[in-house]
Amino acid sequence: MEQLVEGRIVEYGKLNKIYSDTVYLRDYLKALGKVGNQTGLSPPPGMPKQLFSQIVNGAPPRLGPLPVEGDNPYLVKELGCKVSTDRGERPLGAIVDLSKGVRVYLVFEKPQTVVGVDVGLRHLVTAVAVSSGRPVKARMWGDEKLSMEFMRFLGEPQGLSRVSGLRQRVEKMFEEVVVYIASWNPKAVALENLRETTGRMGTSLRILQETLEKVMYNHGVKYRRMSPLNTSRICSNCGYRKGDLVGSLFQCPVCGYVADRDYNAALNLALKCYYTC
Ligand SMILES: [Zn+2]
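None of the values given here were measured: they were computed from a predicted structure. (Residues numbered from 1 in each chain as written. Predicted model: local features only at pLDDT ≥ 70, side-chain atom pairs only at ≥ 80, totals over all residues. Heavy atoms only, no water.)

### A word on empty space enclosed by the protein
Which entries qualify depends on this criterion: Definitions used throughout: a 1 Å grid over protein atoms alone; a cavity as a set of points that fits a 1.4 Å probe which cannot get out; a pocket as an open set with protein on both sides within 12 Å along at least five of seven lines; a lining residue as one with an atom within 4 Å of a point. Grid points are joined across faces, edges and corners, and a volume is the space filled by probe spheres set on the points.
Under the counting rule described, the total for this entry stands at one cavity of 30 Å³ or more. Computed from the structure, the largest cavity encloses a volume of approximately 60 Å³. In terms of lining residues, the largest cavity is bounded by Glu192, Asn193, Leu194, Arg195, Arg206, Gln209, Glu210, Glu213 and Arg225.

So this is what it looks like as structure tokens:
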């Protein structure tokens, strides 16, 4: 995955000459009324062959990706030009676009997205996407009613038929959830590892999550099971490990951060996976 960011040209090197040759050649070809091999022309001195053949064939005049050297501003040695950028990381290369003036784009590796997913009783599913180490998107699905109903009937022997009905509703919602998460194009999806959980609530959550995992699997969304240790108690803002859970809120006594507790848990899962997956 790559991303193009326009750089600032701080030294033009051969770019000005190449651009004026490009404009001249384009006008000349127009006047000649010929294209491609019919022209019988050869490239003007100093014009890269790639560019020449694009121009005579009427394609957008673009060069690259070309290798870059040195530190910001980066040197495109082949063209003797220097380009600076605000981005901290090193570009993979440079692309020169001569279709409307001279523009140089730097090619960066696109930041990857990791999604943390919390399955809970207040919000059935809470998903938070992290990119470049920061939360960038979040969404919640379902309400307390559906999951409480699910938990209640799960414990009753005569509740099985009710459970299978609820299960279908839940699965339908999970379909939506997974399609939406997949649209964020994540590198990985992090879930809590609920294998060890017990009790009626724990069992409900585990069944719900296994259903979600099945839907993810069917949609080709890759997921990882992360240790549930302190997921809900860690402050996603400062990293303090023993934050307070008050009703539906997470509160950090150290930095004062307050957030929805499901959001905080999902963000912690995403961050854990972002740095370790
Ligand atoms: Zn904090």
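Having put the structure on the table, let's press on.
### Quick look at the state of the cysteines
Going by this rule: When the sulfur atoms of two cysteines come within 2.5 Å, that pair is taken as a disulfide. Each residue is assigned to one of three classes by its accessible area relative to the maximum for its type, calculated with a 1.4 Å probe on protein chains only: buried under 20%, partly exposed between the two thresholds, exposed over 50%.
Counted under the stated rule, the structure contains one disulfide. The partner cysteine of Cys273 in its disulfide is Cys277, sulfur to sulfur 2.1 Å. Looking down the S-S bond of the Cys273 and Cys277 bridge, the torsion is -115°, so its handedness is left-handed. The class for Cys273 is buried, based on a relative accessible area of 0%.

### Description of the nonpolar core
The tendency in soluble globular proteins is for nonpolar side chains to be buried as a group. For clarity, the cut-off: Only buried residues count toward a nonpolar core, which is a set of Ala, Val, Leu, Ile, Met, Phe, Trp, Tyr and Cys residues joined through side-chain atoms within 4.5 Å. Strands here mean DSSP runs of E at least two residues long; helices mean DSSP runs of H or I at least four residues long; both are numbered from the N terminus. Only heavy atoms enter the contact rule, under which two residues are in contact if any of them lie within 4.5 Å.
In this structure, Val115, Val117, Leu124, Leu212 and Met216 are the most contacted members of the largest nonpolar core, which totals 32 residues. Contributions of two or more residues to this core are made by strand E8 (113-119), strand E9 (125-131), helix H3 (144-154), helix H4 (160-183), strand E11 (188-192) and helix H5 (199-218). A per-element tally of this core places H4 first, with eight residues. Among all residues touching Met216, those that are not within four sequence positions of it are Val117, Val178, Val189, Leu191, Val221 and Tyr223. Grouped together as the second largest cluster of nonpolar side chains are 25 residues, Leu51, Val56, Val96 and Val104 included.

### Topic: the pattern of salt bridges
Stated precisely, the cut-off is as follows: Should a side-chain nitrogen of Lys or Arg be within 4 Å of a carboxyl oxygen of Asp or Glu, the pair is scored as a salt bridge.
Considering all chains together, one arrives at nine salt bridges under this definition. In this structure, Arg103 and Glu6 form a salt bridge, with 3.5 Å as the shortest nitrogen-oxygen distance. Of this pair, Arg103 sits in strand E7 (residues 103-109) while Glu6 sits in strand E1 (residues 2-6); the two residues are 97 residues apart in sequence, bridging distant segments of the chain. We classify Glu6 as partly exposed; its relative accessible area is 41%. A salt bridge links Arg62 to Asp97, with the nearest nitrogen and oxygen atoms 3.7 Å apart. Of this pair, Arg62 sits in strand E3 (residues 62-66) while Asp97 sits in strand E6 (residues 93-97), and the two are 35 residues apart along the sequence. Taking relative accessible area as the criterion, Asp97 reaches 10% and is therefore assigned buried.

### Quick word on the layout of surface pockets
Cut-off, in case you're wondering: Residue polarity is assigned by list, with Asp, Glu, Lys and Arg as charged and Ala, Val, Leu, Ile, Met, Phe, Trp, Tyr, Cys and Pro as nonpolar; anything else, Gly included, falls into the polar class.
Its boundaries defined by the atoms lining it, the largest pocket holds a volume of some 410 Å³. For the lining of the largest pocket, the secondary-structure elements that each account for two or more residues are E8, H3, H5 and helix H6 (261-276). The space that makes up the second largest pocket amounts to roughly 280 Å³. In terms of lining residues, the second largest pocket is bounded by twelve residues, among which Lys110, Pro111, Thr113, Trp184 and Asn185 are the most central. Within the lining of the second largest pocket, the residues separate by chemical class into five nonpolar, four polar and three charged.

### Considerations on the environment of Met201
Along the chain, Met201 falls in helix H5. Sequence-wise, Met201 and Cys235 are 34 residues apart; in three dimensions their C-alpha atoms are separated by 24 Å. Not counting residues up to four positions away in its chain, the partners in contact with Met201 are Leu121 and Met151.

### Observations concerning the packing of helix H1 (residues 15-32) against helix H2 (residues 49-56)
Stated precisely, the cut-off is as follows: For helices, the axis comes from a line fit to the C-alpha atoms of the stretch in contact; other axes are also lines fit to C-alpha atoms, and the angle between any two N-to-C directions lies between 0 and 180 degrees. Should an angle fall under 35 degrees it is called roughly parallel, over 145 degrees roughly antiparallel, and 65 to 115 degrees roughly perpendicular, with every other angle called oblique. Crossing handedness follows the turn of the near helix against the far one: under a right angle anticlockwise gives a left-handed crossing, and clockwise gives a right-handed one.
Where H1 meets H2, the axes come as close as 10 Å, and the angle between the chain directions of the two elements is 30°. With respect to their mutual orientation, H1 and H2 come out roughly parallel. Between H1 and H2 lies a crossing of right-handed hand. Counted together, Ile18, Thr22, Leu25, Arg26 and Leu29 of H1 and Leu51, Phe52, Ile55 and Val56 of H2 form the full contact between these two elements. For the contact of H1 with H2, the residue count by class is seven nonpolar, one polar and one charged.

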